[in-house]
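Spelled out from the first residue to the last, the chains are:
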Amino acid sequence: MRRITMAAAGAIFALSLAACSGSGAGSTDDESTGAPADTGDLTIGVAMPTQESERWIADGDAVKSGLEKAGYKVDLQYANNDIPTQQQQIDQMITKGADLLILASIDGTALSNQLQSAADNDIPVIAYDRLIRDSENVDFYVTFDNYKVGVQQATSLLVGLGLLKADGSKGDAAGPFNIELFAGSLDDNNAHFFFKGAMDTLQPYIDDKTLVVKSDQTKIEQVATLRWLQETAQKRMEDLLTSTYSDGSKVQGVLSPYDGLSRGIITALQNAGYGPGIDAGMPIVTGQDAEIASVKLINDGVQYSTIFKDTRKLADQAVTSAQAFLAGDKPEANDTESYDNGVKVVPSFLLDSDIVYKDNIQSLLIDSGYWSADEVASGQAS
Ligand code: BGC
């Protein structure tokens, strides 16, 4: 172990301290003086896309508190889903002397200048949840297995329609079923992974006509939702009902990649006379993020499923990775192949996700302390 003195200052000081303990910067003691480690001089800039969606609020809170517990100062910014605002916020973090950046981008292709200036200032960059593309200056990526999230979304659609059982075996239903597809924002790399995972899973059923995409809109460009906006999804669902289902036919399933979109889609369907719940003809609608309003809808039998990505675990992973960089180490990756950002393959740490159905809300979400029973009942975070 290296010996260091309190005389060392700034980043070098904290870097050495963390390297000394190997167990995280926040818990280090200065071996030479016995004084607690002082990581308080190090500031980590955290950029999140928007406060419109609950998951990013939870992510921001969890990353901030994890970093603060580890002894860092945190500059957390939300950008209202506005690309120039996010660029400016990151520019400012760099100007103010951030020692590391954790970035959840709005448009994954719009941060090359910011990343170049981070690199020029030797500031490590961790892409958070969403890959930052077209730049060699992304040092690490923490996320979920996004392809698998798409597979899970499609799987839950098949389970809801009765084509599969929850254990993956063949279900009792035969189809054919009318379905429609939605995807996320094209400038979000994740949207492509979700859609690919979903389509690889659904394609065999579309090929053998068990599933019929009646609108014929099956390309991601046709079904994407810019900025993941709920009202955009609601409008597209309304348009689909008018253009494709005014002949008396019914849509029976909707692949939706995010709970906000799912709620827009459900509203459009209810306004057109579907439901209100699945037992009264609401199609099987999937989702993602286990947002509380959607968990309530699942509990009430209106939305069929969502995907639970435990943002607490992602935040922990971001903190661990930040500590490694600030200790002069490399964070541990568990995937060095999947995430090519157009310039390089970014070493990544991928976390697992779970499908939430009505019957496992208790075990996945309540028992783990993600939501309380009261929150699920009211549909509101307390
Ligand atoms: C995230 C999803 C989220 C979506 C919309 C994606 O990048 O991975 O969890 O639903 O953005 O906010």
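So, how was this worked out
In this convention, every chain numbers its residues from 1, walking through the sequence in written order. The predicted nature of this model means local features are confined to residues of pLDDT at least 70 and side-chain atom pairs, given and counted, to a pLDDT of 80 or more, with totals for whole chains, interfaces and linings taken over all residues. Values shown for side chains rest on all heavy atoms present in the structure; no hydrogens or waters enter the calculation. Only DSSP runs of H or I with at least four residues qualify as helices, and only runs of E with at least two residues qualify as strands; both kinds are numbered from the N terminus onward. The cutoff for a nearby residue is simple: one of its non-hydrogen atoms must lie within 4 Å of the molecule or strand. Here a polar contact means two N or O atoms within 3.5 Å. Within protein one must be a hydrogen donor candidate and the other an acceptor candidate, and residues neighboring in sequence count only if both atoms are side-chain atoms. Note that accessible areas follow from Shrake-Rupley with a 1.4 Å probe, and for residues the cover is restricted to the protein chains shown. A 1.4 Å probe rolled over the protein chains alone gives each residue an accessible area, and that area as a share of the maximum for its type sets the label: buried under 20%, exposed over 50%, partly exposed in between. At least two DSSP bridges between two strands are required for those strands to pair. Helices are assigned an expected span. That span is 1.5 Å times one less than the residue count. Throughout, a contact is declared for two residues whenever any of their heavy atoms are within 4.5 Å. Classification of ring pairs uses Phe, Tyr and Trp, with its six-membered ring standing for Trp, and accepts pairs whose centres are within 6.5 Å; under 30 degrees between planes counts as stacked, over 60 as edge-to-face, and the remaining range as tilted. We define a nonpolar core as any set of buried Ala, Val, Leu, Ile, Met, Phe, Trp, Tyr and Cys residues linked to one another through side-chain atoms lying within 4.5 Å. Arc definition: directions from the helix axis to the C-beta atoms.

K.L.:
Which parts of the structure should I look at to understand unusual backbone geometry?
P.N.:
The bulk of non-glycine residues show a negative phi, and the bulk of peptide bonds are trans. Geometrically, the link from Gly175 to Pro176 is a cis peptide bond, its omega value of -5° lying close to zero. Its place among the elements puts Pro176 in the loop between helix 5 (146-161) and strand 6 (177-181). Cis geometry marks the peptide bond from Gly275 to Pro276; its omega dihedral reads 20°. Relative to the helices and strands, Pro276 is located in the loop between helix 9 (259-271) and strand 9 (284-285). Of note, the phi angle at Asp122 is positive, near 55°, even though the residue is not glycine. Along the chain, Asp122 falls in the loop between helix 4 (112-120) and strand 4 (125-128). Within the chain, Trp228 stands out as a residue other than glycine whose phi angle is a positive 60°. When you line up the elements, Trp228 lands in the loop between helix 7 (220-223) and helix 8 (230-244).

K.L.:
Whenever I open this one, the site of the ligand confuses me. Can you help?
P.N.:
If you check the shell around the ligand, you find Arg55, Trp56, Asp129, Arg130, Asp188, Asn190, Phe194, Trp228, Tyr258, Gln288, Asp289 and Lys309 and nothing else. Between the ligand and the protein, one listed contact pairs an oxygen atom with a side-chain N or O atom of Asp129 at 2.6 Å. Within the contact set of the ligand, an oxygen atom lies 2.6 Å away from a side-chain nitrogen or oxygen of Asp188. Relative to its unbound accessible surface of 310 Å², the ligand loses 98% to contact with the protein.

K.L.:
What's the story with the pairing of strand 5 (residues 140-144) in this structure? I'm lost.
P.N.:
The two faces of the sheet receive side chains in turn, since in a regular strand these alternate between them. In terms of burial, strand 5 is largely enclosed, as five of its five residues are buried. Every second residue of strand 5 is oriented toward a common face, with Phe140, Val142 and Phe144 on one face and Tyr141 and Thr143 on the other, all of them buried. In terms of strand pairing, strand 4 meets strand 5 through three bridges, oriented parallel. Bridging across to strand 5, Tyr128 finds its partner in Val142. Bridge count for strand 5 against strand 11 (residues 348-351) is four bridges, and the pairing is parallel.

K.L.:
Help me out: how do you make sense of helix 2 (residues 54-69) in this one?
P.N.:
Every α-helix carries 3.6 residues per turn, so stepping three or four residues along brings you back to the same face. Under the 1.5 Å per step criterion, the end-to-end length of helix 2 is 22 Å for 16 residues, consistent within 8% with the ideal 22 Å. Those residues of helix 2 that sit buried are Arg55, Trp56, Asp59, Gly60, Ala62, Val63, Gly66 and Leu67. Close packing links the buried residues of helix 2 with strand 1 (43-48), strand 2 (73-78), strand 3 (100-103), strand 4 and helix 11 (311-326). Looking one or two residues beyond helix 2, the residue adopting positive phi is Gly71, at roughly 100°.

K.L.:
Explanation requested: the packing of aromatic side chains in the structure shown.
P.N.:
For any pair of aromatic rings, geometry is given as the distance between the ring centres together with the angle between the planes. Per the stated rule, a full pass over the model turns up eight aromatic pairs. With centroids separated by 4.6 Å and ring planes inclined at 65°, the aromatic side chains of Phe308 and Tyr370 adopt a geometry described as edge-to-face. In this pair, Phe308 sits in strand 10 (residues 306-308) while Tyr370 sits in the loop between helix 12 (361-366) and helix 13 (373-378), placing the two residues 62 residues apart along the sequence. One aromatic cluster is present, built from ring pairs that chain together Tyr141, Phe193 and Tyr339.

K.L.:
What is the right way to read the pairing of strand 3 from this model?
P.N.:
Taking every second residue as pointing to the same face, both faces of strand 3 are buried, with Leu100 and Ile102 on one and Leu101 and Leu103 on the other. Direction of pairing for strand 1 relative to strand 3: parallel, over a ladder of four bridges. Counterpart to Ala47 in the pairing with strand 3 is Leu103. Sheet analysis places strand 3 next to strand 4, joined by three bridges and oriented parallel. Across the sheet, residue Leu101 finds its bridge partner in strand 4, namely Val125.

K.L.:
It is not clear to me how the nonpolar core should be interpreted in this structure. Could you clarify?
P.N.:
Here is a general trend for soluble globular proteins: nonpolar side chains tend to be buried in one another's company. Within the largest apolar cluster, 48 residues are counted, with the highest numbers of intra-cluster contacts made by Leu181, Leu202, Leu211, Met237 and Leu269. The greatest single-element share of this core, amounting to seven residues, is contributed by helix 6 (residues 189-207). Leu269 has contacts with Met237, Leu241, Val251, Tyr274, Met282, Pro283 and Val285, leaving out every residue within four places of it along the chain.

K.L.:
How should I be thinking about helix 4 in this particular structure?
P.N.:
Taken as a whole, helix 4 has its buried residues at Gln114, Leu115 and Ala118. For helix 4, the angular spread of buried residues about the axis comes to 95°, placing them on one side. Exposed positions of helix 4 whose direction lies more than 90 degrees from the buried face are Asn113 and Asp120. Contacts from the buried residues of helix 4 go to helix 3 (83-95), strand 3 and strand 4. A positive phi of about 55° marks Asp122, the residue just after helix 4.

K.L.:
Is there a simple way to explain the environment of Gln86 in this structure?
P.N.:
Along the chain, Gln86 falls in helix 3. Accessibility expressed as a relative area gives 2% for Gln86, which makes it buried. Filtering out sequence-adjacent residues up to four positions away, Gln86 remains in contact with Ala47, Met48, Pro49, Ala79, Ala104, Ser105, Ile106 and Leu111.

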